[in-house]
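Breakdown of the fold
One letter stands for each residue in the lines below.
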Amino acid sequence: MRARQLEVFCMLMRCGTVTRAAAMLNISQPALSQILLHAEDQLGFKLFDRVRGRLVPTQQAEELYPQAEHIFSQLGAMRRRTADMRHGRTGLVQLAASAPPSMSIVSRALIHFREAHPDIVVRSLIAPMLNIVEMLRNGTVSLGMVMNNLPYHDLNVETVGHAELVCVLPEGHRLAQKEVIGFSDIRDETLISYRADTLPARLLAGAAEAEDAAYAPAIEIDLSITALPFVRDGLGIAIVDGLLPWEQFPGIVKRRFAPQTLVPIAILTSKDRPLSPSHELMRDYLRSACLDLDLSSGIAG
């Protein structure tokens, strides 16, 4: 019995009449009757008897129906599954992000993504930028989000926003009374900030030089979250990205830093591997999250 014949048989068993079954399958009554006749010819026995204008299942039909209904349900589930896959409503999303975007942009995007697409499994990784680039190249992930828009010959780099660098200091620190902190304010402070070969460090070094100041962290870090215990324990003050929810950590205060220094945020994808519909959806949600956080201007910092 072919798939279409199976559909007709099961719908007739459910509905009991040709009229209702044809309407449910969105075909004409003659077409349905013809499909039923072909099915009976192939099977070699009748599935229905006509009794006073109604179709009455034969004994053979009653025996076949439970298994046929099971297969019919599986066919329906398969159709829905393939339709979901075609429109990107199911599948697996694999993405990697550096820690600050992961704890702010990715988390916000996931809230809305999961609400709209609960059947899509998301595998989210936190990694340094160089590792993310390698994972995109070897196919471990299909989406990357980093705080750098450095060009790559084999990757698409889309700048989706900017993070403002901020000053993070212990609660009760003498500079906590200021709304904006600059290089002149931190000259005598122990500075915690990015190591010299990172993009934020180069941006800060350039800004410091323009003000005839020096960018010389006493404690160098790779990730902004690393500064949290150092600042909290009074080891110094930090200049870090404002993506993390610093105000949620007890004993920590955040202040704007001048001059305003913005670090680009970019979505990375492979030029060699096209995105699946599910990954395209997630990319759209990441873009929207940047807009929601107002990262186009760096204000969220």
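The preceding data block contains the structure.
The paragraphs below set out a description of the structure included in this document. In this text, all values refer to a predicted model and were calculated from it rather than measured experimentally.

1. Digging into the packing of aromatic side chains
Under the defined criterion, the tally for this structure stands at five aromatic pairs. Put simply, the rings of F9, F48 and Y65 touch in pairs and so form one group of aromatic residues.

2. Thoughts on unusual backbone geometry
A cis geometry characterises the amide bond from A258 onward to P259, with omega recorded as 5 degrees. With respect to the helices and strands, the residue P259 is situated in the loop between β11 (252–258) and β12 (262–270). Here N26, not a glycine, exhibits a phi torsion of approximately 60 degrees, which is positive. Looking at the secondary structure, you find N26 in the loop between α2 (18–25) and α3 (29–43). Even without being a glycine, D212 presents a positive backbone phi close to 55 degrees. On the secondary structure map, D212 appears in the loop between α7 (199–210) and β9 (219–221).

3. So, the state of the cysteines
Taken as a whole, this structure holds zero disulfides when the rule is applied. C10 provides the cysteine sulfur closest to C15, a residue in no disulfide bond, and the two sulfurs are 11 Å apart.

4. Here we look at the pairing of β12
The element β12 is largely enclosed, with a buried count of eight among its nine residues. With three bridges connecting them, strand β5 (residues 143–146) and β12 associate as antiparallel partners. For V146, the partnering residue across the bridge sits in β12 and is A266. As judged from the nine bridges shared by strand β6 (residues 155–170) and β12, these two strands associate in the antiparallel manner. What sits directly across from G161, in β12, is I265.

5. Observations regarding α7
The end-to-end C-alpha distance of α7, which contains twelve residues, comes to 17 Å, matching closely the 16 Å that a straight helix rising 1.5 Å per residue would cover. Those residues of α7 that fall on the buried side of the exposure criterion are L199, P200, A201, L204, A207 and A208. Looking at the buried residues of α7, the elements they touch are β6, β8 (191–194), β10 (237–241), β11 and β12. Just past α7, the residue D212 takes up positive phi, approximately 55 degrees.

6. Let's talk about the packing of α2 against α3
For any two helices packed against each other, one specifies the crossing angle of their axes together with the interaxial distance. Contact geometry for α2 and α3: axes closest at 9 Å, N-to-C directions at 100 degrees. Taken together, the axes of α2 and α3 lie roughly perpendicular to each other. Residues V18, T19, A21, A22 and L25 of α2 lie in contact with α3, whose contacting residues are Q29, L32 and S33. In terms of residue class, the contact of α2 with α3 is built from five nonpolar, three polar and no charged.

7. Section: the environment of S278
Its location among the elements puts S278 in helix α9 (residues 277–292). For S278, a relative accessible area of 5% puts it in the buried group. The spatial distance from the C-alpha of S278 to the C-alpha of H117 is 9.2 Å, given a sequence separation of 161 residues.

8. Regarding the pattern of salt bridges
Scanning the model with the defined rule gives twelve salt bridges in all. Across the pair E164 and R256 runs a salt bridge whose closest N-O atoms are separated by 3.0 Å. Here the residue E164 occupies a position in strand β6, and R256 occupies one in strand β11, the gap between them amounting to 92 residues. Looking at E164, the relative accessible area reads 1%, which means it is buried. Take R256: its relative accessible area is 47%, and that puts it in the partly exposed class. Where D185 meets K178, a salt bridge forms, and the shortest distance between an N and an O atom there is 3.9 Å. On the basis of relative accessible area, K178 is assigned to the partly exposed category, the value being 33%. When salt bridges that share partners are traced, they join E158, D284 and R287 into one network.

9. Focus: the nonpolar core
Counting 57 residues, the largest nonpolar core has I105, M145, L169, I186, V240, I265 and L286 as the members making the most contacts within it. Here the element with the most residues in this core is β6; it accounts for seven residues. Ignoring anything within four residues of it in the chain, the contact list for I105 reads M145, L243, I265, L286, A289, C290, L293 and L295. Within the second largest apolar cluster, 21 residues are counted, among which are F9, M11, L47 and L55.

Thresholds applied
- Residues numbered from 1 in each chain as written.
- Predicted model: local features only at pLDDT ≥ 70, side-chain atom pairs only at ≥ 80, totals over all residues.
- Heavy atoms only, no water.
- Phe/Tyr/Trp six-rings, centres within 6.5 Å; stacked < 30°, edge-to-face > 60°.
- Helix = DSSP H or I, 4+ residues; strand = E, 2+ residues; numbered from the N terminus.
- Disulfide = S-S within 2.5 Å.
- Buried < 20%, exposed > 50% of the residue type's maximum accessible area, 1.4 Å probe, protein only.
- Pairing = 2+ DSSP bridges.
- Expected span 1.5 Å × (residues − 1).
- Contact = heavy atoms within 4.5 Å.
- Axes fitted to C-alpha atoms, helices over the stretch in contact; angles between N-to-C directions.
- Parallel < 35°, antiparallel > 145°, perpendicular 65-115°, else oblique.
- Nonpolar A, V, L, I, M, F, W, Y, C, P; charged D, E, K, R; others polar.
- Salt bridge = Lys/Arg side-chain N within 4 Å of Asp/Glu carboxyl O.
- Core = buried A, V, L, I, M, F, W, Y, C linked by side-chain atoms within 4.5 Å.

What is shown is where atoms sit, not what they do.
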